[in-house]
Amino acid sequence: MGKVNRDEILSILDEYNKDEITIATLGSHTSLHILKGAKEEGFRTAVVCEKGREVPYKRFNVADDYIMVDKFKDIVNEEVQEELKSMNSIVVPHGSFVAYAGLDRVENDFNVPMFGNRDILRWEAERDLERKLLVESGIRIPQKYNDPSDIDRTVMVKFPGARGGRGYFVASSTDEYHEKINSMLKRNWIEEEDVELAHIEEYVSGCNYCIHYFYSALKDEVEVMGMDSRFESNIDGLCRIPAKDQLDIGMDPSYVITGNHPVVMRESLLPQVFDIGDNLVECAKKLVSPGMNGPFCLQTLVNDDLEVIVFEMSARIDGGTNTFMHASAYSYLLFGEFMSMGRRISREIKTGVSEDNLDVIIT
Ligand code: ADP
């Protein structure tokens, strides 16, 4: 099994009727505004929908066509791919698409033209690659500890596959680290082999801002489209309990995302925001060609020294863009009209069609 060949994708794209492009995605995550935005830009839309999950798409009326599948992962099945191609579809990848289809299959078996850079998806999924991209971009990230005996301040400990931060913990010394690891082993929250994979990083005490960027490869410009912050259970609930009662309750904190709310940053932080986005885009061009095309998100914590510290990256549209299905403060500044991230993607595709350079933005 080899990688999907770029020439193969381009020749499929070549066969497409460019006046009849369909914008398609998997029915989950950010698909509502991806499809709504596509309609606003004049495209036909299709949703690949798991049976029983069609209600939101019907009730919000965002899809012209439905491709019903038994399971989300069936989007990579041969028949589904053929149907998508017969509709001249450009697929917009999002977090659930990558999770359900699986990175290997997206890279090796899925030859429907996709918006963005399919090779960069692996760089957000693998912690070492993500770190390499952020470090080489010169971006401030939490300090990493290679050995628990080096712990000299409060750290956060993360495990691979710890979905949504469940099982992450905070420790302030080497002893506390070992105590908590042992307790997790006893409760079967982790296995022995997970201990080796524990990722230990500086705990950043700050406020959370998730910055949604769009890199237009057609204009060679980085746009700040919006920002959100997260509601996380149970940590946000835990913080509402007075400190002395927290100790009595003995609850373990978790960081499971349950929702998002829109935010803006103090204006003096915006130069940092643009610098970070510009640096990442330039570095991505070199490390994983053609680069960070399309939407990407940096999850940050801003400390009281007013440093924007990046602890996580999404190299595709992030779920927090659901906070601006109409417009954000920033997308309004830039466009002066309702502009969601979904609509921005379709606008780029529309420009690609009209300028006959879709090949720059499709992989
Ligand atoms: P996941 O990718 O599993 O959702 P994240 O790495 O995004 O996990 O972390 C989940 C949450 O944990 C974040 O939203 C944030 O609240 C908190 N967090 C993550 N890294 C740090 C850190 N270095 N310092 C402080 N809090 C952190």
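For clarity, every value in this text was computed on a predicted model and none was experimentally measured. For every chain, the first residue of the written sequence is number 1, and numbering continues from 1 onward in sequence order. Confidence filtering applies because this is a predicted model: local features only for residues at pLDDT of at least 70, side-chain atom pairs given and counted only at 80 or more, and all residues used for totals across whole chains, interfaces and linings. Only hydrogens and water are removed before side-chain values are computed, so all heavy atoms of the structure are retained for them.

Draft legend 1. Up close: the sheet that holds strand β5 (residues 144-145). In this description, strands pair whenever DSSP reports at least two bridges between them. Each helix corresponds to a stretch of at least 4 residues labelled H or I by DSSP, and each strand to a stretch of at least 2 residues labelled E; elements are numbered beginning at the N terminus. Pairing in this open sheet of 4 strands is antiparallel, and the strands run β5-β8-β6-β7 from one edge to the other. A single partner strand is all that each edge strand has here, and the edge strands are β5 and β7 (169-171). Between two residues, a contact is recorded if the distance between any of their heavy atoms is within 4.5 Å. The axes used here are C-alpha line fits, helices contributing only the stretch in contact, and every angle between their N-to-C directions lies in the interval 0 to 180 degrees. On top of the sheet, helix α9 (residues 174-186) reaches β6 (155-158), β7 and β8 (199-202); it is set at about 150° to β7, its chief contact.

Draft legend 2. Geometry of the environment of L134. When you line up the elements, L134 lands in helix α8 (residues 127-136). Exposure is judged per residue with a 1.4 Å probe applied to protein chains only, and the accessible area is read against the type maximum: over 50% gives exposed, under 20% gives buried, and values in between give partly exposed. Overall, the relative accessible area of 4% leaves L134 in the buried class. Between the alpha carbons of L134 and K219 there is a distance of 23 Å; along the sequence they are 85 residues apart.

Draft legend 3. Up close: the packing of helix α2 (residues 31-40) against helix α15 (residues 341-354). Direction vectors running N to C along α2 and α15 enclose 45°, while the axes themselves pass 7 Å from each other. Classified by the angle their axes make, α2 and α15 are oblique. Judged by the sense of rotation from one axis to the other, the crossing of α2 with α15 is right-handed. Judged by residue contacts, H33, I34, G37, A38 and E40 of α2 engage M341, G342, R343 and S346 from α15. Taken together, the residues of the contact of α2 with α15 break down into 3 nonpolar, 4 polar and 2 charged. Throughout, the term roughly parallel applies to angles under 35 degrees, roughly antiparallel to angles over 145, roughly perpendicular to angles from 65 to 115, and oblique to all others. Left-handed describes a crossing whose near helix is turned anticlockwise from the far helix by less than a right angle; the clockwise case is right-handed. In this count, Pro and Cys sit with the nonpolar residues alongside Ala, Val, Leu, Ile, Met, Phe, Trp and Tyr, while Asp, Glu, Lys and Arg are called charged and the others, Gly among them, polar.

Draft legend 4. Representation of the packing of α8 against helix α13 (residues 270-287). One can describe the packing of α8 onto α13 by two numbers: an axis separation of 9 Å at closest approach and a directional angle of 125°. It follows from the interaxial angle that α8 and α13 lie oblique. When the axes of α8 and α13 are compared, the crossing they make is right-handed. Between α8 and α13, the residues in contact are K132, L133, L134 and E136 and L280, C283, A284 and L287, respectively.

Draft legend 5. Highlighting the domain arrangement of the chain. Entries for the chain in the domain assignment read domain 1 (6-114), domain 2 (125-138 + 205-352) and domain 3 (144-202). As annotated, the domain borders come from an automatic or database domain assignment. Centre-to-centre separation of domain 2 and domain 3, based on C-alpha positions: 25 Å. Taken together, the contacts link 10 residues of domain 2 with 14 residues of domain 3. Values labelled buried area give the accessible surface lost by two parts on being combined, using a 1.4 Å probe and summing over both. Taken as a group, R127, R131 and Y255 account for 53% of the area that domain 2 buries against domain 3, more than any other trio of residues on that side. When residues of the side of domain 2 that touches domain 3 are traced back to their parent elements, those giving at least two are α8 and β11 (255-262). When grouped by side-chain class, the residues that make up the side of domain 2 that touches domain 3 number 5 nonpolar, 1 polar and 4 charged.

Draft legend 6. Looking closely at the site of the ligand. A molecule or strand has a residue near it when one of that residue's heavy atoms lies within 4 Å. Every one of the 17 residues lining the ligand counts as a neighbour, but Y168, E201, V204, E232 and E312 are closest to it. Between an oxygen atom of the ligand and a side-chain N or O atom of K158, the distance comes to 2.9 Å. Counted as a polar contact is a pair of N or O atoms within 3.5 Å, where, for protein atoms, one must be capable of donating a hydrogen and the other of accepting one, and residues adjacent in sequence contribute only when both atoms are in side chains. Between Y168 and the ligand, the recorded distance is 2.8 Å, taken from a side-chain N or O atom to an oxygen atom. What sets the accessible areas is the Shrake-Rupley method with a 1.4 Å probe; for residues, cover comes only from the shown protein chains. In isolation the ligand offers 550 Å² of accessible surface; the protein chains occlude 87% of this area. Residue assignment for the shell around the ligand shows that the elements contributing at least two residues are β6, β8, β12 (294-302) and β13 (308-314).

Draft legend 7. View of the sheet that holds strand β2 (residues 44-50). What the 4 strands build is an open sheet, ordered β3-β2-β1-β4; its pairing is parallel. Across the chains shown, the open sheet's two edge strands, defined by having one partner strand only, are β3 (65-69) and β4 (89-91). Taking the axes of each pair of neighbouring strands and ignoring which way they run, one obtains an average angle of 25° across the sheet. Of the strand pairs in this sheet, strand β1 (residues 22-26) and β4 are connected by 3 bridges, and their pairing is parallel. Each bridged residue has a counterpart across the sheet, and for A24 the counterpart in β4 is V91. Each of β1 and β2 touches α2; the most contacted strand, β1, lies at about 175° to it.

Draft legend 8. Quick look at the pairing of β1. By the criterion of burial, β1 is predominantly enclosed, with 5 of the 5 residues buried. A two-sided burial pattern is seen for β1, the buried positions comprising T22, A24 and L26 on one face and I23 and T25 on the other. Of the pairings in the sheet, the one linking β1 to β2 comprises 5 bridges and is parallel in character. Looking at β2, one finds that A24 is bridged to A46. Note on the crossover from β1 through α2 to β2: the handedness is right-handed. A clockwise path from the first strand over the helix to the second, with the strands pointing away from the viewer, defines a right-handed crossover.

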